Amino acid sequence: MDHKIAYYLVLFATVATAFWRGARSEKWGAATALAGSLASTATSLDANWNGLIIPLLLVDLAVLASFWWLSLNSRRYWPYWVTGWQLVTVLVHLQRGLFADILPAPYALMTMYLAYPTLLLILLASVQRYRPQTTG
């Protein structure tokens, strides 16, 4: 299976679950992930991974700002984690811009695969939001 198809399946499951069972924080996080993913896909369709991709860096900075805002305005713990992972993604771009000897494949993989923990955490937070309580 193509990695983009697998990623968008996980993204769809995360967004659907967040809007079905999640609180406002999960919905904001899922919407941010969706918008960032669509913008990242659009900016990296014909990207040359041999150098720093400025449009993709700008998308990731906007996603970082959104998650940071969510962290400051939410009572949930998970926005801090996703903000941290998004910061790592931005730092990968900055490192690629500073060091020309970073290979294209690891640069591409790090900017793509760091989104999975974010999606899974939003998904888990959405499911746990309305977990049935047991008594007795």
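The notes below deal with the structure included here. (Residues numbered from 1 in each chain as written. Predicted model: local features only at pLDDT ≥ 70, side-chain atom pairs only at ≥ 80, totals over all residues. Heavy atoms only, no water.)

### So, the nonpolar core
- Core analysis: the biggest nonpolar cluster contains 17 residues, and L11 and W78 have the highest contact counts within it.
- Residue assignment for this core shows that the elements contributing at least two residues are α1 (3-21), α2 (24-43), α3 (54-72), α4 (78-98) and α6 (115-129).
- The dominant element in this core, judged by the number of residues it contributes, is α6, at five residues.
- Residues contacting L11, with those up to four places away along its chain left out, are A33, L34, S37 and L119.
- Grouped together as the second largest cluster of nonpolar side chains are seven residues, W49, I53, V92 and A108 included. (Core = buried A, V, L, I, M, F, W, Y, C linked by side-chain atoms within 4.5 Å. Buried < 20%, exposed > 50% of the residue type's maximum accessible area, 1.4 Å probe, protein only. Helix = DSSP H or I, 4+ residues; strand = E, 2+ residues; numbered from the N terminus. Contact = heavy atoms within 4.5 Å.)

### Examining α3
- Compared with an ideal rise of 1.5 Å per residue, which puts 19 residues at 27 Å, α3 spans 27 Å between its outermost C-alpha atoms and is within 8% of the ideal.
- Within α3, burial applies to L56, L57, V59, D60, V63, L64, S66, F67, L70 and S71. (Expected span 1.5 Å × (residues − 1).)

In short, the description is geometric, and any link to function would need to be established separately.
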